[in-house]
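Topology and contacts: notes
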Amino acid sequence: MENIKIEQAYQNTFSGLTMYYRDCELSKDLVTRYKVDQIIQERGFTDLSNQAEGLAKNVRFAIASNSASNLGGINPDVAKYGFHLIASGAYFKVLDIYKIQNKTQIMLMHFNEAYLEIFNSTKSNIEDKMVLVGRKSLDTKIVMQPHSILNNEEWTARTQNPIGMSETGTFFL
(Lines give C-alpha, C1' and ligand atoms only; values in the text may rest on other atoms or scores of the structure.)
Protein backbone atom coordinates (compact mmCIF):
# COMPACT_ATOMS: atom_id res chain seq x y z
CA MET A 1 0.00 0.00 0.00
CA GLU A 2 1.35 3.38 -0.92
CA ASN A 3 2.36 5.70 1.90
CA ILE A 4 0.65 8.59 0.13
CA LYS A 5 -2.71 6.75 0.29
CA ILE A 6 -2.24 6.09 4.00
CA GLU A 7 -1.33 9.73 4.63
CA GLN A 8 -4.41 10.88 2.71
CA ALA A 9 -6.66 8.51 4.67
CA TYR A 10 -5.24 9.72 7.99
CA GLN A 11 -5.48 13.39 6.98
CA ASN A 12 -9.09 13.06 5.80
CA THR A 13 -10.17 10.95 8.79
CA PHE A 14 -8.35 12.53 11.75
CA SER A 15 -8.56 16.21 10.77
CA GLY A 16 -11.30 18.01 12.70
CA LEU A 17 -12.53 14.99 14.69
CA THR A 18 -15.31 15.64 17.19
CA MET A 19 -16.67 13.23 19.80
CA TYR A 20 -20.33 12.23 19.69
CA TYR A 21 -22.28 9.94 21.97
CA ARG A 22 -25.10 7.45 21.88
CA ASP A 23 -26.24 5.63 25.03
CA CYS A 24 -28.39 2.54 24.89
CA GLU A 25 -29.34 -0.58 26.81
CA LEU A 26 -27.85 -3.68 25.19
CA SER A 27 -27.70 -7.28 26.30
CA LYS A 28 -24.33 -8.66 27.39
CA ASP A 29 -24.44 -10.96 24.35
CA LEU A 30 -24.60 -7.99 21.95
CA VAL A 31 -21.89 -6.05 23.79
CA THR A 32 -19.45 -8.96 23.73
CA ARG A 33 -19.76 -9.31 19.95
CA TYR A 34 -17.79 -6.09 19.43
CA LYS A 35 -14.01 -6.58 19.17
CA VAL A 36 -11.18 -4.04 19.15
CA ASP A 37 -9.90 -3.28 15.60
CA GLN A 38 -13.10 -4.70 14.09
CA ILE A 39 -14.56 -2.82 11.11
CA ILE A 40 -18.34 -2.45 11.15
CA GLN A 41 -20.86 -0.81 8.87
CA GLU A 42 -24.14 0.78 9.93
CA ARG A 43 -26.82 0.39 7.27
CA GLY A 44 -29.15 2.96 8.75
CA PHE A 45 -28.61 6.55 9.80
CA THR A 46 -26.65 6.95 13.04
CA ASP A 47 -28.28 9.36 15.49
CA LEU A 48 -25.81 10.91 17.92
CA SER A 49 -25.49 13.71 20.43
CA ASN A 50 -22.61 16.05 21.04
CA GLN A 51 -23.66 16.12 24.71
CA ALA A 52 -22.61 13.57 27.30
CA GLU A 53 -22.81 13.35 31.04
CA GLY A 54 -23.48 10.31 33.21
CA LEU A 55 -24.82 7.09 31.74
CA ALA A 56 -28.41 6.06 32.41
CA LYS A 57 -27.98 3.03 30.11
CA ASN A 58 -25.41 0.23 30.22
CA VAL A 59 -23.61 1.10 26.95
CA ARG A 60 -22.16 4.30 25.60
CA PHE A 61 -20.99 4.48 22.02
CA ALA A 62 -18.35 7.23 21.85
CA ILE A 63 -17.91 8.05 18.18
CA ALA A 64 -15.12 10.14 16.71
CA SER A 65 -16.21 11.71 13.43
CA ASN A 66 -15.46 14.75 11.32
CA SER A 67 -18.52 14.44 9.12
CA ALA A 68 -21.59 14.23 11.35
CA SER A 69 -24.31 16.66 10.30
CA ASN A 70 -25.74 19.04 12.89
CA LEU A 71 -29.50 18.59 12.65
CA GLY A 72 -30.12 21.17 15.36
CA GLY A 73 -29.05 23.81 12.86
CA ILE A 74 -31.72 22.59 10.45
CA ASN A 75 -34.51 21.83 12.91
CA PRO A 76 -34.50 23.90 16.13
CA ASP A 77 -36.84 21.35 17.78
CA VAL A 78 -34.01 18.80 17.97
CA ALA A 79 -31.25 21.22 19.00
CA LYS A 80 -31.94 20.38 22.66
CA TYR A 81 -30.50 16.90 22.03
CA GLY A 82 -27.30 18.18 20.43
CA PHE A 83 -28.61 16.02 17.58
CA HIS A 84 -26.09 15.04 14.91
CA LEU A 85 -26.44 12.46 12.18
CA ILE A 86 -24.05 10.23 10.28
CA ALA A 87 -25.38 9.11 6.90
CA SER A 88 -26.45 5.52 6.25
CA GLY A 89 -23.82 3.08 5.04
CA ALA A 90 -21.17 4.54 7.36
CA TYR A 91 -18.06 2.59 8.31
CA PHE A 92 -16.56 2.51 11.79
CA LYS A 93 -13.50 0.97 13.39
CA VAL A 94 -13.85 -0.28 16.97
CA LEU A 95 -10.98 1.43 18.79
CA ASP A 96 -11.72 0.41 22.36
CA ILE A 97 -14.09 -1.41 24.67
CA TYR A 98 -13.80 0.04 28.16
CA LYS A 99 -15.74 -1.25 31.15
CA ILE A 100 -16.33 0.44 34.47
CA GLN A 101 -18.51 -1.61 36.82
CA ASN A 102 -21.66 -2.47 34.84
CA LYS A 103 -21.14 0.24 32.19
CA THR A 104 -19.34 -0.26 28.87
CA GLN A 105 -18.01 2.35 26.49
CA ILE A 106 -17.48 1.21 22.90
CA MET A 107 -15.30 3.73 21.11
CA LEU A 108 -15.75 3.96 17.36
CA MET A 109 -13.91 5.91 14.70
CA HIS A 110 -16.00 6.90 11.68
CA PHE A 111 -14.19 6.83 8.35
CA ASN A 112 -14.91 7.05 4.63
CA GLU A 113 -15.53 3.82 2.72
CA ALA A 114 -12.64 4.71 0.37
CA TYR A 115 -10.27 4.00 3.28
CA LEU A 116 -11.71 0.61 4.22
CA GLU A 117 -8.60 -1.34 3.18
CA ILE A 118 -6.29 1.07 4.99
CA PHE A 119 -8.10 1.05 8.33
CA ASN A 120 -8.58 -2.71 8.10
CA SER A 121 -4.81 -3.22 7.85
CA THR A 122 -3.14 -0.35 9.71
CA LYS A 123 -3.23 1.21 13.14
CA SER A 124 -2.13 4.73 13.95
CA ASN A 125 -0.75 6.16 17.18
CA ILE A 126 -3.53 8.75 16.78
CA GLU A 127 -6.04 5.95 17.36
CA ASP A 128 -4.19 5.04 20.58
CA LYS A 129 -4.33 8.67 21.73
CA MET A 130 -8.05 8.79 20.97
CA VAL A 131 -8.57 5.73 23.18
CA LEU A 132 -6.78 7.44 26.10
CA VAL A 133 -8.93 10.58 25.68
CA GLY A 134 -12.09 8.47 25.47
CA ARG A 135 -11.23 6.53 28.62
CA LYS A 136 -10.41 9.68 30.55
CA SER A 137 -13.71 11.18 29.43
CA LEU A 138 -15.68 8.19 30.68
CA ASP A 139 -13.73 8.16 33.96
CA THR A 140 -14.91 11.74 34.51
CA LYS A 141 -18.48 11.32 33.29
CA ILE A 142 -19.27 8.00 35.00
CA VAL A 143 -19.79 9.82 38.32
CA MET A 144 -22.07 12.48 36.82
CA GLN A 145 -25.84 12.37 36.70
CA PRO A 146 -27.33 11.37 33.32
CA HIS A 147 -28.46 14.22 31.09
CA SER A 148 -32.26 14.29 31.47
CA ILE A 149 -33.01 15.37 27.89
CA LEU A 150 -30.98 12.44 26.50
CA ASN A 151 -33.00 10.02 28.59
CA ASN A 152 -36.46 11.10 27.51
CA GLU A 153 -38.66 8.71 25.58
CA GLU A 154 -38.22 10.37 22.17
CA TRP A 155 -34.39 10.34 22.22
CA THR A 156 -34.01 6.86 23.72
CA ALA A 157 -36.33 5.47 21.04
CA ARG A 158 -34.00 6.95 18.37
CA THR A 159 -30.85 5.54 19.95
CA GLN A 160 -31.95 2.18 21.33
CA ASN A 161 -30.30 -0.05 18.72
CA PRO A 162 -26.69 -1.18 18.50
CA ILE A 163 -24.44 0.32 15.83
CA GLY A 164 -23.36 -1.92 12.96
CA MET A 165 -25.50 -4.91 13.85
CA SER A 166 -29.09 -6.04 13.93
CA GLU A 167 -31.05 -6.25 17.15
CA THR A 168 -30.33 -10.01 17.13
CA GLY A 169 -26.56 -9.55 16.90
CA THR A 170 -25.81 -10.09 13.21
CA PHE A 171 -23.20 -7.66 11.91
CA PHE A 172 -24.12 -5.94 8.65
CA LEU A 173 -20.60 -6.22 7.22
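What comes next is a walk through the structure. (Residues numbered from 1 in each chain as written. Predicted model: local features only at pLDDT ≥ 70, side-chain atom pairs only at ≥ 80, totals over all residues. Heavy atoms only, no water.)

1. A few points about the nonpolar core
If you look at the biggest cluster of nonpolar residues, it comprises 20 residues, and the most contacted ones within it are Y34, F61, I63, F92, L108 and I163. When contributions to this core are tallied by element, the ones reaching two or more residues are β1 (18-24), α2 (28-31), β4 (59-65), β7 (90-100) and β8 (103-111). Setting aside residues up to four positions removed in sequence, I63 forms contacts with T18, M19, Y20, L48, I86, F92, L108, H110 and I163. Judged by nonpolar contacts, the second largest core, of 16 residues, contains A9, Y10, I39 and M130. (Core = buried A, V, L, I, M, F, W, Y, C linked by side-chain atoms within 4.5 Å. Buried < 20%, exposed > 50% of the residue type's maximum accessible area, 1.4 Å probe, protein only. Helix = DSSP H or I, 4+ residues; strand = E, 2+ residues; numbered from the N terminus. Contact = heavy atoms within 4.5 Å.)

2. Quick look at the packing of aromatic side chains
According to the stated counting rule, one finds nine aromatic pairs in the structure shown. By the ring-pair criterion, three or more aromatic residues cluster together here, those being Y10, F14, Y91, F111 and F119. (Phe/Tyr/Trp six-rings, centres within 6.5 Å; stacked < 30°, edge-to-face > 60°.)

3. As for the side chain of H84
In this fold, H84 is placed in strand β6 (residues 83-86). Of the polar contacts made by the side chain of H84, one reaches the backbone oxygen of G82; its length is 2.8 Å. (Polar contact = N/O pair within 3.5 Å; in protein donor to acceptor, adjacent residues only side chain to side chain.)

4. Structural notes on the pairing of β7
With nine of 11 residues buried, β7 lies mostly within the body of the structure. As defined by bridge partners, strand β2 (residues 39-42) adjoins β7 across four bridges and the pair is classed as antiparallel. Counterpart to E42 in the pairing with β7 is A90. When β7 meets β8, the two strands line up antiparallel, connected through nine bridges. Looking across to β8, one finds that F92 is bridged to H110. Between β7 and β8, which pair antiparallel and follow one another directly, the connecting turn spans two residues, one of which, Q101, has a positive phi of 55°. (Pairing = 2+ DSSP bridges.)

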